[in-house]
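Letter by letter, the chains look like this.
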Number of protein chains: 2
Amino acid sequence: MTRERIYLFDTTLRDGQQTPGVDFSVDDKIAIASLLDDFGIDYVEGGYPGANPTDTAFFSKKRTRKAAFVAFGMTRRPGVSAANDPGLASLVQSQADALCLVAKSWDYHVTVALGTTPEENLAGIRDSVEAVLKSGKQAMIDCEHFFDGYKANPDYALACVKTAHEAGARWVVLCDTNGGSQPAEIARIVSDVIAAGVPGTCLGIHAHNDTGQAVANSLAAIDAGARQIQGTLNGIGERCGNANLVTIVPTLVLKDYYRTRFETGVTEEKLAGLTELSRAFDEILNRAPYHQSPYVGASAFATKAGIHASALLKDPRTYEHVPPESVGNFRSVMVSDQGGRSNFLNALKRRGIAVAKDDPRLDRLIATVKEREAEGYAYEGADASFELLARRTFGTIPDFFRVEGFRVMVERRFDALGRPKTVSEAVVKLEIEGKTILSVAEGDGPVNALDLALRKDFGVFQQEIADLELTDYKVRILNGGTGAVTRVLIESGDSGGRRWTTVGVSENIIDASFQALSDSILYKVMKNRGLAGVGA
Amino acid sequence: MTRERIYLFDTTLRDGQQTPGVDFSVDDKIAIASLLDDFGIDYVEGGYPGANPTDTAFFSKKRTRKAAFVAFGMTRRPGVSAANDPGLASLVQSQADALCLVAKSWDYHVTVALGTTPEENLAGIRDSVEAVLKSGKQAMIDCEHFFDGYKANPDYALACVKTAHEAGARWVVLCDTNGGSQPAEIARIVSDVIAAGVPGTCLGIHAHNDTGQAVANSLAAIDAGARQIQGTLNGIGERCGNANLVTIVPTLVLKDYYRTRFETGVTEEKLAGLTELSRAFDEILNRAPYHQSPYVGASAFATKAGIHASALLKDPRTYEHVPPESVGNFRSVMVSDQGGRSNFLNALKRRGIAVAKDDPRLDRLIATVKEREAEGYAYEGADASFELLARRTFGTIPDFFRVEGFRVMVERRFDALGRPKTVSEAVVKLEIEGKTILSVAEGDGPVNALDLALRKDFGVFQQEIADLELTDYKVRILNGGTGAVTRVLIESGDSGGRRWTTVGVSENIIDASFQALSDSILYKVMKNRGLAGVGA
């Protein structure tokens, strides 16, 4: 049986940007578009060029390789020709492959919100689609409030869809803008639209999670015949979020109910990177991954119940609806599982550290990592700190330098004009090759001061750490309150173009930062000598 | 048209206890049972008496007034009579009104996990139901792995359901134990069971969220004829959680698709306490409420987009699928750099600040917010700092206190045994009512030390800030490198139960933290006097 193709449309960079607290930079958008493109998403909607400087800059270049690069905008304004609409003009001039234009499809909104006639709105849809096609780009129409509009006036809502389709739109996307519709309603209405003559292969679904049904509504539309799903990474979006593609994609690829009938652009191999994709995105948002997320959460394959755990050991399928490795996640119950051991052996091998399977130091390393991760360390995101810990366990790190101590002071003073000014100063005491070195520096903040003091005089190594550069600094508070544990991740780079990440954890943010800073310098010195960073 | 009754069965205290990190005390259970009982839940499952001391103690008394009090357990063991099964005996002797017994319904599990015959398993179901009825309690059977079992061997799975029903069980609950089934499968299988002669009025559904479909699966079972839903508060539970009753109940009560056909024990009046119920439960769990939760999340009725926000003000139904007050939540149009003039007017009005549309101070406030948001402030997530900024602009903040300066010192020292130890100390100098106050404190880190020093002696206000508590602390680095700009968000609360958030931004993390800390105290002092936090 040939399987039908489902098209995946990601709107993380456009509708996802409506999430409270989310505000992507151009660099964030470039990084996220590349993750989506690589994963196998068909359409990456990047934003609204012309609406703000970030999106305009983002659309100055094509940002995807395989995926169609989509710009969002509005159909032409009432009473203006498509050619004379400045918004539409800047969309047409962008480097997008396709344009997705939002149009009203509820007659009440057309008259009240747009202040125009239902007929002029239909003409606007037709003209806008034609203008997009003339520019050589693919055209899509997002029908805003489609389901609520259909419930109020099915004929008019249908007329909007048909007008867009007949004008040549590749996709007409049916939006449940308020997120209040139920799956059975979505299924019935999508079936009605198809019965009215618009093929399901031209229909998309855009669902919101206001009743916890965004995933169900998206899949109900597919069951009814729609063939494009719009959603976001980790379900971010306005109010309760958009349909979560990180949940929908594995269901489509892995569940018999769907896999036997449909295929997507995401291969099983790419799907094994799903957990990493989801976490990488949270990392960009600088927020903690949600443990209970379907498929990718840290708890998604975790078992606590005694009876369940022992049944799970007998036969994992008993309590696992899919194999965790199919989405790049891990089963977590067994304390001394063989899978963990071979994971470690592989991780070491990749870093050029050859260890015998029965080396007792391997057990010590596994125990140390588990213990430190329980304290808050995250070695999966800190490759260099993991490598240093491993090499320290296997006894292959020379004593290049020793930190005798440090002191950081932050003071709010007043300048000559009585204006407050906050000054940071750090003192670091090192011992290198028997010599004590005391350095002091001022910085923009306490961590910057500490970094400058630490690297001000590094004795015999000063020359060779000159090209070390800190490229990113991230802080995460691991539990509530100002007395909580802090995790600091520092990304460094050098003129060789290689980058590495180190981690520090402490109740004290300065202390955590210092651990990560000094690990980074140690790694650099090791790397210069071919003692670290030699793996793949 | 008479509406059919849907029965709500809460398993927060039993299946919810399987959530990683959740471990209820007897007092927790008493408090939660009372919340559920009061809300209008029909069945409150309290745990497994006999399995652990907490549950045994909890079941030593009846803990509900209106709701049926349910104990969980297992059907009799193979080869033992019901009367001679000690587990069943302690259930029968508990103060529960009803017993819910789990039974295998997948023949593979019967032979492999239980090690008995399919026939003996059926006999066990029959005998156990009869023993429960003889004790005068209501009997329910949870069919574990029912949907997977039905897919593998429909006849045997059906035989389990029919045996329980014919023996007199009030409810037979169909469990999607692994959480992997899709709504269309659930609907088909529930229909099959009803077609086989077991009335839907005796069937329950127990769904897990492993594919993000727990809500949809529960409601699909209702659509197919089942009449009892098992779920938990805020969807807690093993792996990805159980069906979330906090999402399902408002959908049943408010959505036309369900309200026209069904009724529950939750009145519209009780539903208006839903947000409070959800937050009270998070409070017991000591975790921050999830902002994007359907219906009850802080973001569930929040709008950021400029165009949406102005449409929302014209007609709330445009972007709200239900009125926020129907679930005890609030509309929130967030102030952000995307917001226009009408957003600001509305935001001020909601905070009890009446401003004329043409007040020139309004322009100054908008300009200040835009400028500060460009520097990295995020007022949409910091309601209290926004209100202080607004009141400052409108000239209504008295000089309660003045910060003359502060100094923070972090030092890594060595203790008597030569072990490194990092010590943080802060000094704060305040002026309150003409008096200079100098305080010093040590803390777990520099921010904690600063917080302790700042609140150590607050002069005439000391008494009234005693109940101020920091409930969350978040740090975001706004661009790469240790010299980057840092944004700190601090959430505070007091004994009145109200929470507020303040923001600070600086190149210096200590400085940013100090801004947010002192804003929080100022807000608290204002609030105590009815000068802030007076809005809806």
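None of these values were measured; they are calculated from a predicted model.

### Things to note about the overall build of chain A
Argument step 1. For chain A, the helix and strand inventory stands at 19 helices and 16 strands.
Argument step 2. Taking the principal axes of the C-alpha coordinates as reference, chain A spans close to 85 × 75 × 40 Å.
Argument step 3. Within the span of chain A, comprising 536 residues, buried residues form 50% of the whole.
Argument step 4. Counted over contacts in chain A with a minimum sequence separation of 6, partners at least 24 positions apart contribute 66%.

### Considering the packing of helix H8 (residues 183–195) of chain A against helix H9 (residues 214–224) of chain A
All names here are of chain A.
Argument step 1. One can describe the packing of H8 onto H9 by two numbers: an axis separation of 8 Å at closest approach and a directional angle of 30°. By the angle between their directions, the pair H8 and H9 is classed as roughly parallel. For the crossing formed where H8 meets H9, the hand is right-handed. From H8, Pro-183, Ile-186, Ala-187, Val-190 and Ser-191 reach across to H9, where they touch Ala-216, Asn-217, Ala-220, Ala-221, Asp-223 and Ala-224.
Argument step 2. When grouped by side-chain class, the residues that make up the contact of H8 with H9 number 8 nonpolar, 2 polar and 1 charged.

### Focus: the domain arrangement of chain A
All names here are of chain A.
Argument step 1. In terms of domains, chain A is made up of domain 1 (4–266), domain 2 (336–391 + 464–536) and domain 3 (402–457).
Argument step 2. Placing the centre of domain 2 and that of domain 3 at their C-alpha centroids yields a distance of 25 Å.
Argument step 3. When residues in the side of domain 2 that touches domain 3 are grouped by element, the largest group, 5 residues, is from helix H19 (residues 509–528).
Argument step 4. Its residues assigned to classes, the side of domain 2 that touches domain 3 comprises 5 nonpolar, 2 polar and no charged.

### Digging into the sheet that holds strand S15 (residues 486–493) of chain A
Residues and elements named next belong to chain A.
Argument step 1. The sheet built from 3 strands is open, its strands ordered S14-S15-S16 with antiparallel pairing. At either end of the open sheet lies a strand with only one pairing partner, and these are strand S14 (469–477) and strand S16 (499–506). Strand-to-strand twist in this sheet, taken as the mean axis angle between neighbours without regard to direction, amounts to 15°.
Argument step 2. As paired elements, S14 and S15 share 8 bridges and run antiparallel to each other. What sits directly across from Tyr-473, in S15, is Ile-490.

### A closer look at the UniProt feature "domain: Pyruvate carboxyltransferase" (unreviewed entry) in chain A
Argument step 1. Mapped onto the present numbering, the UniProt feature "domain: Pyruvate carboxyltransferase" (unreviewed entry) falls on residues 6–272 of chain A.
Argument step 2. Between the C-alpha atoms that bound residues 6–272 of chain A there is a distance of 19 Å. The span itself is 43% helix and 17% strand.

### Details of the pairing of strand S5 (residues 98–104) of chain A
Residues and elements named next belong to chain A.
Argument step 1. For S5, the buried fraction is high: 6 of the 7 residues fall into the buried class.
Argument step 2. Relative to S5, strand S4 (residues 68–74) runs parallel, the two being bridged by 5 bridges. Counted as the bridge partner of Met-74 is Val-102 from S5.
Argument step 3. Since S4 and S5 lie parallel, the crossover through helix H3 (residues 86–93) that links them has a hand, and here it is right-handed.
Argument step 4. Bridge analysis of S5 against strand S6 (residues 138–144) gives 7 bridges, and the strand direction is parallel. Bridging across to S6, Ala-98 finds its partner in Gln-138.

### Observations concerning the packing of helix H5 (residues 118–134) of chain B against helix H7 (residues 154–167) of chain B
Residue and element names in this part refer to chain B.
Argument step 1. H7 packs onto H5 with a crossing angle of 25° between their chain directions and a minimal axis gap of 8 Å. Between H5 and H7, the angle falls in the class roughly parallel. Considering only the axes of H5 and H7, their crossing is right-handed. Here Pro-118, Leu-122, Ile-125, Arg-126, Val-129 and Glu-130 of H5 come into contact with H7, specifically with Tyr-156, Ala-159, Cys-160, Thr-163, Ala-164 and Ala-167.
Argument step 2. Its residues assigned to classes, the contact of H5 with H7 comprises 9 nonpolar, 1 polar and 2 charged.

### Some thoughts on the interface of chain B and chain A
Argument step 1. If you look at the interface, chain B gives 87 residues, while chain A gives 81 residues.
Argument step 2. Per-element accounting of the side of chain B that touches chain A gives the leading share, 10 residues, to strand S13 (residues 402–414) of chain B.
Argument step 3. Residues belonging to the side of chain B that touches chain A are distributed by class as follows: 33 nonpolar, 34 polar and 20 charged.
Argument step 4. Both strand S11 (residues 402–414) of chain A and S13 of chain B contribute to a ladder of 6 bridges, which runs antiparallel. From the neighbouring strand, Arg-407 of chain A faces S13 of chain B, where its bridge partner is Glu-411 of chain B.

### Topic: the environment of Arg-487 of chain B
Residues and elements named next belong to chain B.
Argument step 1. Here Arg-487 is to be found in strand S17 (residues 486–493).
Argument step 2. Separated by 110 residues in the primary sequence, Arg-487 and Tyr-377 place their C-alpha atoms 6.8 Å from one another.
Argument step 3. In this view, Arg-487 contacts Gly-376, Ala-378, Arg-476, Leu-478, Val-503, Val-505 and Ala-512; residues no more than four positions away in its chain are not counted.

### Observations concerning unusual backbone geometry
Argument step 1. Although it is not a glycine, His-145 of chain A sits at a positive phi angle of roughly 55°.
Argument step 2. The residue His-145 of chain A is located in the loop between S6 and helix H6 (146–152) in this model.
Argument step 3. Its 22 C-beta neighbours within 10 Å are what place His-145 of chain A among the buried residues.
Argument step 4. The backbone of Asn-234 of chain B sits at a positive phi, close to 55°, despite the residue not being glycine.
Argument step 5. One can find Asn-234 of chain B in the loop between strand S9 (228–231) and helix H10 (245–254).

### Structural notes on the environment of Gly-459 of chain A
All names here are of chain A.
Argument step 1. Looking at the secondary structure, you find Gly-459 in the loop between helix H18 (446–456) and S14.
Argument step 2. Taking C-alpha positions, Gly-459 is 9.2 Å from Thr-436, a pair spaced 23 residues apart along the chain.
Argument step 3. Leaving out residues up to four positions away in the same chain, Gly-459 has contacts with Ile-432, Glu-433, Lys-435 and Ile-437.

What counts, and at which threshold
Residue positions are counted from 1 within each chain, in the order its sequence is given. Chain letters start at A and ligand numbers start at 1, both assigned in the order the entries are written. The model is predicted, so local features are restricted to residues of pLDDT at least 70 and side-chain atom pairs to those at 80 or more, both for listing and for counting; the totals for chains, interfaces and linings are taken over all residues. Numbered from the N terminus, helices here are DSSP runs of H or I no shorter than four residues, and strands are runs of E no shorter than two. To sort residues by burial, count the other C-beta atoms lying within 10 Å of each one's C-beta; a count of 20 or more means buried, 12 or fewer means exposed, and anything in between means partly exposed. C-beta atoms are built from the backbone. In this description, a residue-residue contact is defined by the distance between C-beta atoms placed from the backbone, which must lie within 7 Å. To obtain an axis, a line is fitted to C-alpha atoms, over the contacting stretch when the element is a helix, and the angle between two such axes runs from 0 to 180 degrees between their N-to-C directions. Note on angle classes: values under 35 degrees are labelled roughly parallel, values over 145 roughly antiparallel, values of 65 to 115 roughly perpendicular, and the remainder oblique. Left-handed describes a crossing whose near helix is turned anticlockwise from the far helix through less than a right angle; right-handed describes the clockwise counterpart. Side-chain classes follow a simple rule in which Ala, Val, Leu, Ile, Met, Phe, Trp, Tyr, Cys and Pro form the nonpolar group, Asp, Glu, Lys and Arg form the charged group, and the remainder, Gly included, forms the polar group. Domain delimitation follows an automatic or database domain assignment. Think of it this way: DSSP has to see at least two bridges between two strands before they count as a pair. UniProt positions are given in the numbering used here, feature names are shortened, and annotations may be inferred rather than shown by experiment. Crossover handedness is defined by viewing with both strands directed away from the observer: a clockwise path from the first strand over the helix to the second marks the crossover as right-handed.

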